[in-house]
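Fold and geometry: a report
Given next are the chains, with one letter for each unit.
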Amino acid sequence: MAANPQTVDELTRTSAPRAGWLGAVVDFVRCRPLGAIGALLILFMVAMAATAGLLAPYNPLENDYAAMLSAPSAEHWLGTDAYGRDVLTRILYGSRTALMVGLGASLLGASFGSLIGVASAYFGGRIDLFVQRIMDVLFAFPVIILALVVVAVLGTGAGNVILAIAAPMVPRCARVVRSSALSVREMPYVDAARASGFGHPRIILRHMLPNVMAPILIMATAFLGEAILLEASLSFIGLGVQEPTAAWGLMLRGAAVEFAETAPWMAIFPGLAISLGVFGFNLFGDSLRDALDPRLRTQ
Amino acid sequence: MASYILKRLLAMVPTLLGVAVLIFVLLRVVPGDVVEARYLAQGSQFQSQDLMNQERAKLGLDQPLWKQFTTWMTGIARLDFGLSMWTGSPITEEIKLRFALSLQLAIMASLLAQLLAIPLGILAAVKQDTWVDYAVRVFSIAGLATPSFWLGILMILFMLIVFKWVPPMVFTPFWVDPWQNLAQLIWPALAVGYRYSAVGTRMMRSAMLEVLREDYIRTARAKGLWLKLILTRHALKNAILPVLTIMSLEFAFLLGGLVVTEQVFNLNGLGMLFVQAIAHRDYTLTQALVMLVATFFLFVNFFVDIAYAWIDPRIRYR
């Protein structure tokens, strides 16, 4: 927004928010260009995942030993890997894995975390103290170490990876949401709900949770990028999504490092996909935080 | 202050006990044990059950769980971490050199990160909403988005193609050959430090923006003080506190959290050791590593809080 509107036109342009969703989009793009770029990258990634079956020139799982490690060309735009699989195809399909694990883990982590956080703040007293101590224990584990332990217990594969990534996110979300919920608990409407004789679950779910939605959304979008990154890391060390599933972190594993000098496309493009995807989610998440959290808003 | 320190130290005990119980139980839930893992590694999975039970008895795995746990705990109380179940050598020996490597890498990465984060954050705050600010923000968000292992691969690739040189792959302790040591560790430190500086840059920027709006800054400007002097003498002192906090918390996680970067640079740090220990179902070693990382994290937290009171006289703990 212009800091100092000089003309009537400028004044009217920066005043009231536009009506309708299209207007809201235009406003978002104008006020938060970085967030708009992020949203665009996310949309692009979603489109990739949705149309991978139509767009992908090859089968992501089919080996073609005649075309092993071939450089980018007209047939294989981004080259092929050590099994002759098309890198572009696998990147397109890999966006499905990344989105599925990212969304799954951040949804799971944020919902469990916020439920624990709100309930802990609502009940207060000893329950709160006890829950906080448990969260302290989980907090003392580095994210990747906790994820690795969960993978060791449950085994590898996309479903288990979602649980492994959600686990370290629960205490982080619970802590943030709890602090917001503490002030919500003191609100008159919560007293009113209690006076009306509503049960605990109803007050927690219907009265408190909707009012701490802003921090939950902020945490969930921040987790999304982190979850995609973590999935890539786990798959890269062979403890995440398993071959032959197409996953970006997995594409960087093994042959991509061994043949990095002769076939650098195998190491460059999947990493670029990870970075751009996470970059999009981070940009969007940042703008969302600025928009939703007035404390952090820069004037 | 003394009673506060004591209280904080005592509060660590239940947390560490919780960590110990959690990792102890989780490891026992992991399918298989060290004896099976060893036979699998030797390629003969059909060993007689008797022989395997004998091995288990030797390692104390036939004892009831509560007894295994109390043995472990009393050992820790005497600072005796026991023997690795996989190699049979003392755990302190297994960890020593790797701890040195991981700690050095963590320190180097965080120094690099701070060298990058503090000036960039100040610059972005001073030039808020200009192209400089946007460039710094994009640079730092890109740092958060780029996997450090991929950055590591790109670095090695770049050096290989341009300079026909790869960093040494064998770890030399700093006290043996500082040059060799730095030539190896500077690259992973850069790869990790870039990502980690992003956290600091963003914190520095927002803290600086907040401080720059304070009355005393306006007073300093009104009396015509140099902007440079205001920034370094007046603003930085107040804005740097949250940055140091967040960076030291991240530092605490760097010790055990570099599993993937260590893999790329072929470093035998604590992260790699942890992955191996879990794969071997080496209960004692895994437990010791988790306790080490958790204790380190709690102590860094503790020192940050103490340092806060020391740096900022307005904060006093009771």
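All figures in this text were calculated on a predicted structure; none of them were measured in a lab. (Residues numbered from 1 in each chain as written. Chains lettered and ligands numbered in written order. Predicted model: local features only at pLDDT ≥ 70, side-chain atom pairs only at ≥ 80, totals over all residues.)

Notes on the overall build of chain B
In terms of helices and strands, chain B carries 13 helices and zero strands. Counting helices and strands in the order they occur from the N terminus, chain B gives α-α-α-α-α-α-α-α-α-α-α-α-α. Principal-axis analysis of the C-alpha atoms gives chain B an extent of 85 × 60 × 35 Å. Among the 318 residues that make up chain B, the fraction classed as buried is 37%. Here the contacts in chain B between residues at least 6 apart in sequence split such that 72% fall between residues at least 24 apart. (Helix = DSSP H or I, 4+ residues; strand = E, 2+ residues; numbered from the N terminus. Buried ≥ 20, exposed ≤ 12 C-beta atoms within 10 Å, placed from the backbone. Contact = placed C-beta atoms within 7 Å.)

A short note on the packing of helix H10 (residues 227–257) of chain B against helix H12 (residues 270–279) of chain B
Residue and element names in this part refer to chain B. Close contact between H10 and H12 brings their axes to 7 Å; oriented N to C, the two are set at 50°. Comparing the axis directions of H10 and H12 gives the class oblique. Within the contact between the two elements, H10 uses Leu255, Gly256 and Gly257 and H12 uses Leu270, Gly271 and Phe274. (Axes fitted to C-alpha atoms, helices over the stretch in contact; angles between N-to-C directions. Parallel < 35°, antiparallel > 145°, perpendicular 65-115°, else oblique.)

Here we look at the interface of chain A and chain B
You'll often see interface size given as the accessible area lost when the parts meet. The interface is formed by 37 residues belonging to chain A together with 38 residues belonging to chain B. Put simply, the parts of the chain that give the side of chain A that touches chain B at least two residues each are helix H5 (125–139), helix H6 (143–154), helix H10 (213–236) and helix H13 (265–292) of chain A. If one sorts the elements of the side of chain A that touches chain B by residue count, H13 of chain A sits on top with nine residues. Among the residues making up the side of chain A that touches chain B, the classes are represented as 27 nonpolar, six polar and four charged. (Nonpolar A, V, L, I, M, F, W, Y, C, P; charged D, E, K, R; others polar.)

Comments concerning unusual backbone geometry
Here the amide bond leading from Glu243 of chain A into Pro244 of chain A is cis, since omega sits at 5°, within 30 degrees of zero. Relative to the elements of secondary structure, Pro244 of chain A occurs in the loop between H10 and helix H11 (248–251). For Asp129 of chain B, which is not glycine, the phi dihedral falls at a positive 65°. As for its position among the elements, Asp129 of chain B is in the loop between helix H5 (91–126) and helix H6 (131–145). If you check the backbone angles, Asn266 of chain B has positive phi at about 55° while not being a glycine. Topologically, Asn266 of chain B is positioned in the loop between helix H11 (259–264) and H12. Its 16 C-beta neighbours within 10 Å are what place Asn266 of chain B among the partly exposed residues.

Considerations on the packing of H5 of chain B against H10 of chain B
All names here are of chain B. The interhelical angle for the contact between H5 and H10, taken along N-to-C directions, is 150°, at an axis separation of 10 Å. Here H5 lies roughly antiparallel to H10, going by the angle between them. The two elements H5 and H10 meet at a crossing, and its hand is right-handed. Between H5 and H10, the contacting residues are Ser102, Leu103, Ala106, Ala109, Ser110, Ala113, Gln114, Ile118 and Ile122 on the first element and Leu231, Val243, Met247, Phe251, Leu254 and Leu255 on the second. Its residues assigned to classes, the contact of H5 with H10 comprises twelve nonpolar, three polar and no charged. (Left-handed = near helix turned anticlockwise from the far one by under 90°.)

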